[in-house]
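Tertiary structure, described
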Amino acid sequence: MKPETQQTTAAKTIKRSDEPIWWALFSGGGICFAMFIPAAVLFFGLFLPLGLIEISYQQAHAGLVSFWGLVFIGACIVLPAFHAAHRIRHGLHDLKVRQHGLVKVLSYGAATLLSLFSLGIWLWG
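Presented here is a report on the structure given in the accompanying data block. (Residues numbered from 1 in each chain as written. Predicted model: local features only at pLDDT ≥ 70, side-chain atom pairs only at ≥ 80, totals over all residues. Heavy atoms only, no water.)

**Structural notes on the overall build of the protein**
Applied cut-off: Only DSSP runs of H or I covering at least 4 residues are called helices, and only runs of E covering at least 2 are called strands; the numbering of each starts at the N terminus. The reference for a compact globule is 2.2 Å times residues^0.38; the radius of gyration itself is calculated from the C-alpha atoms. Contacts are assigned to residue pairs that have any heavy atoms within 4.5 Å of one another. Per-residue accessibility takes into account occlusion by the displayed protein chains alone, with areas from the Shrake-Rupley method and a 1.4 Å probe. None of His or the chain ends enter the tally, which takes Lys and Arg as positive and Asp and Glu as negative. All charge positions are set by atom: Lys at NZ, Arg at CZ, Asp at CG, Glu at CD.
Within the protein one finds 5 helices and 0 strands. Each helix (α) and strand (β) of the protein, taken in turn from the N terminus, gives the series α-α-α-α-α. Against the globule reference of 14 Å for 125 residues, the protein gives a C-alpha radius of gyration of 21 Å, more extended than a compact globule. Oriented by its inertia axes, the alpha-carbon framework of the protein measures out at about 75 × 30 × 25 Å. A separation of at least 24 residues holds for 75% of the contacts in the protein among residues at least 6 apart in sequence. Carbon together with sulfur atoms contributes 72% to the accessible area of the protein, which is approximately 9300 Å² in total. Across the protein, the 9 positively charged side chains and the 5 negatively charged ones have centroids separated by 11 Å.

Right under this line is the structure:
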C-alpha cells in the first residue's frame, strides 16, 4: 500500500450510527410482545372477567404504582411501542419514502411520547 493511501484512510473519520440503540429497543419490544402481552391479555381479558382471579381496586392500584407496575408498563407499552416504531420506519423505507430523517423523528418521537405519557400516568398514580 502506498504511503499516501495510508494517510488518507487514517485521516477518514468513522461516522457513528445510532442504529444499535433502535435495534436493541426493537428486539426488546419483540420479546415483550411474545412473552408479556399474551400473559396480560390472558389475565385481564379472560381470568378477571370470568372471575377465576379476584382482585380489588386497591390491590390493582397498589400493584400498578409499585416498581413491578413500572416494569409491567415498560414491558407491555414502552418497548412494544419502540418495536412498532422501528417496523413502521423500516416499512416506509422499503416503500421508498425518501424523507428518512423525518420518518425517523416521527416514528421514534411518537413512541417516545407514548412512553412519556405512560410514565406520567404511572407517576400520577
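From this point on, the discussion continues.
**Concerning the side chain of S107**
The following threshold applies: Pairing of N or O atoms within 3.5 Å defines a polar contact, subject to two protein rules: one partner must be a possible hydrogen donor and the other a possible acceptor, and residues neighboring in sequence count only if both atoms are side-chain atoms.
Positionally, S107 belongs in helix α5 (residues 100-124). There is a polar contact of 3.3 Å between the side chain of S107 and the backbone oxygen of K104. Once you skip the residues sitting within four places of it in the chain, S107 turns out to touch A85 and R89.

**Remarks on the packing of aromatic side chains**
Stated precisely, the cut-off is as follows: Between the rings of Phe, Tyr and Trp (Trp by its six-membered ring), a pair exists once the centres lie within 6.5 Å; its type follows the angle of the planes, with under 30 degrees stacked, over 60 edge-to-face, and the other angles tilted. Whether a residue is buried, partly exposed or exposed follows from its accessible area with a 1.4 Å probe, protein chains only, as a fraction of its type maximum: under 20%, in between, or over 50%, in that order.
Evaluation of the coordinates by the stated rule reveals 6 aromatic pairs. Taking 5.3 Å as the distance between ring centres and 85° as the angle between the ring planes, the aromatic pair formed by W23 and F26 counts as edge-to-face. Of the two residues, W23 and F26 both sit in helix α2 (residues 19-50), 3 residues apart, roughly one turn of that helix. Geometrically, the ring pair formed by F67 and W68 is edge-to-face, given 5.2 Å between the ring centres and 70° between the ring planes. In this structure, F67 and W68 share a single accessibility class: exposed. Ring pairs connect the aromatic residues W22, F82 and Y108, which therefore count as one cluster.

**Examining the pattern of salt bridges**
Just so we agree on the cut-off: By convention in these notes, a salt bridge is any Lys or Arg side-chain nitrogen within 4 Å of a carboxyl oxygen on Asp or Glu.
Enumeration according to the criterion identifies 2 salt bridges in this entry. For D18, the salt bridge is made with K104, and the minimal N-O distance between the two is 2.6 Å. You can see D18 sitting in the loop between α1 (3-11) and α2 and its partner K104 sitting in helix α5, a full 86 residues away along the chain. The class of K104 is partly exposed, set by a relative accessible area of 21%. When the shortest N-O distance is used, the salt bridge between R89 and E19 registers 2.7 Å.

**Here's the deal with the layout of surface pockets**
Spelled out, the test is: With a 1 Å grid laid over protein atoms only, a set of points is called a cavity when a 1.4 Å probe fits there but cannot get out and a pocket when it is open yet has protein on both sides within 12 Å along at least five of seven lines; lining residues have an atom within 4 Å of a point. Grid points are joined across faces, edges and corners, and a volume is the space filled by probe spheres set on the points. Each residue receives one of three labels: charged for Asp, Glu, Lys and Arg, nonpolar for Ala, Val, Leu, Ile, Met, Phe, Trp, Tyr, Cys and Pro, and polar for the others, Gly being one of them.
Quantified by volume, the largest pocket comes out at close to 280 Å³. Around the largest pocket, the lining is made up of 14 residues, and of these F43, F44, A60, L64 and F72 lie nearest the centre. For the lining of the largest pocket, the elements supplying multiple residues, two or more each, are α2, α3 (57-64) and α4 (67-94). By residue number, the principal contributor to the lining of the largest pocket is α2, which donates 6 residues. Here the residues of the lining of the largest pocket sort into 12 nonpolar, 2 polar and no charged.

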